[in-house]
Amino acid sequence: MILLVGNGPISPDAVSLADQASFVVRFNDCRSYADLPGPTHAVAICNTGRPGYAMATSTKWRSHSAIREAGELWCVRNPAKFLDLRAAIIDMWPDLTDFCDDHTSRFATYCAVVGKDFLVFDRKLHDEVDRNLADLAAPPYVVPSSGMLALHYVLQRFAHLPIILVGFTHQGWEWHPFSAEKTLVDRYIRLGRVTRL
């Protein structure tokens, strides 16, 4: 069983799942770790903009139990894709001038030093998620959330294992397409590919 642990409220039904899962993925600063402690195999991070810079330069982030334990670090934002997106994003959302600033190399260096596997999501994965959301008539948005990109990757990598989402409320930053993402996850649930707690 694969467990994706978002940073929203954790269902009491999920508290024992981390120790039962064969692979546990957490996100960014792992805010929900105190509510659902246990093993961490990978951390999916937003590697651009202010969140990326804040994590990449933070000794507190690096010292977090989940970050230290994780064997893999996933950068969900492909640098080439975000370089191509920069002009259009700034044109539509002028306050996001630093949104595409890339900090991937900082995370790569960190992983090399501490011996973690390092992965940058292929831009094709981002494009596939955009197409899936377009099919749902998603309203204008900047980019899919880290959770949606990581789920899409996990669905490919662990195609034959059950996937459980906890701490996913499909709420947060206003320019992620959370409503369409929820609809897409609901579709995966109906297909029997994903369970949400």
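Relevant structure appears above.
Definitions and limits used
- Residues numbered from 1 in each chain as written.
- Predicted model: local features only at pLDDT ≥ 70, side-chain atom pairs only at ≥ 80, totals over all residues.
- Heavy atoms only, no water.
- Core = buried A, V, L, I, M, F, W, Y, C linked by side-chain atoms within 4.5 Å.
- Buried < 20%, exposed > 50% of the residue type's maximum accessible area, 1.4 Å probe, protein only.
- Helix = DSSP H or I, 4+ residues; strand = E, 2+ residues; numbered from the N terminus.
- Contact = heavy atoms within 4.5 Å.
- Disulfide = S-S within 2.5 Å.
- Salt bridge = Lys/Arg side-chain N within 4 Å of Asp/Glu carboxyl O.
- Pairing = 2+ DSSP bridges.
- Axes fitted to C-alpha atoms, helices over the stretch in contact; angles between N-to-C directions.
- Parallel < 35°, antiparallel > 145°, perpendicular 65-115°, else oblique.
- Nonpolar A, V, L, I, M, F, W, Y, C, P; charged D, E, K, R; others polar.

### Structural notes on the nonpolar core
Next, step 1: Membership of the largest hydrophobic core comes to 30 residues, with the highest contact counts inside it found for Leu4, Trp74, Leu151 and Ile163.
Next, step 2: Of all the elements in the fold, those that place two or more residues in this core are strand 1 (2-5), strand 2 (23-27), strand 3 (42-45), helix 7 (123-134), helix 8 (146-157), strand 6 (163-166) and helix 9 (178-190).
Next, step 3: It is helix 8 that provides the largest number of residues to this core, a total of seven residues.
Next, step 4: Leu151 has contacts with Leu4, Ile163, Leu165, Val185, Tyr188 and Val194, leaving out every residue within four places of it along the chain.
Next, step 5: In this structure, Ala70, Cys75, Tyr110 and Cys111 belong to the second largest nonpolar core, which totals 15 residues.

### Concerning the state of the cysteines
Next, step 1: In the structure shown here, the tally under the stated rule is zero disulfides.
Next, step 2: In this structure Cys30 is a free cysteine whose sulfur lies 13 Å from that of Cys111, the closest cysteine sulfur available.
Next, step 3: Among the cysteines around Cys100, which has no disulfide bond, Cys46 carries the closest sulfur, lying 10 Å off.
Next, step 4: Under the relative-accessibility criterion, Cys100 is labelled buried at 5%.

### Here we look at the pattern of salt bridges
Next, step 1: Counting across every chain of the model gives eight salt bridges.
Next, step 2: In this structure, Arg50 engages Asp98 in a salt bridge whose closest nitrogen and oxygen atoms are separated by 2.9 Å. Taken as a pair, Arg50 in helix 2 (residues 49-56) and Asp98 in the loop between helix 5 (79-92) and helix 6 (104-114) lie far apart in primary sequence, 48 residues in all.
Next, step 3: A relative accessible area of 21% means that Asp98 is categorised as partly exposed.
Next, step 4: One salt bridge in this structure joins Asp127 and Lys81, with 2.5 Å as the shortest N-O distance. Taken as a pair, Asp127 in helix 7 and Lys81 in helix 5 lie far apart in primary sequence, 46 residues in all.
Next, step 5: Judged by relative accessible area, Lys81 falls into the buried class, the value being 10%.

### Observations concerning the pairing of strand 1
Next, step 1: Side-chain alternation along strand 1 places Ile2 and Leu4 on one buried face and Leu3 and Val5 on a second face that is also buried.
Next, step 2: By the bridge criterion, four bridges tie strand 1 to strand 2 in an arrangement that is parallel. Its bridge partner lying in strand 2, Val5 is registered against Arg26.
Next, step 3: Relative to strand 6, strand 1 runs parallel, the two being bridged by four bridges. When the bridges of strand 6 are listed, Ile2 appears paired with Ile163.

### Looking at the packing of helix 5 against helix 7
Next, step 1: Contact pair helix 5 / helix 7: the axes reach a minimum separation of 8 Å and the direction vectors enclose 55°. Overall, the two elements helix 5 and helix 7 adopt an arrangement that is oblique. Only Arg123, His126, Asp127 and Asp130 of helix 7 make contact with helix 5, whose side of the interface consists of Ala80, Lys81, Phe82, Asp84 and Leu85.
Next, step 2: Classifying every residue of the contact of helix 5 with helix 7 by side-chain character gives three nonpolar, one polar and five charged.

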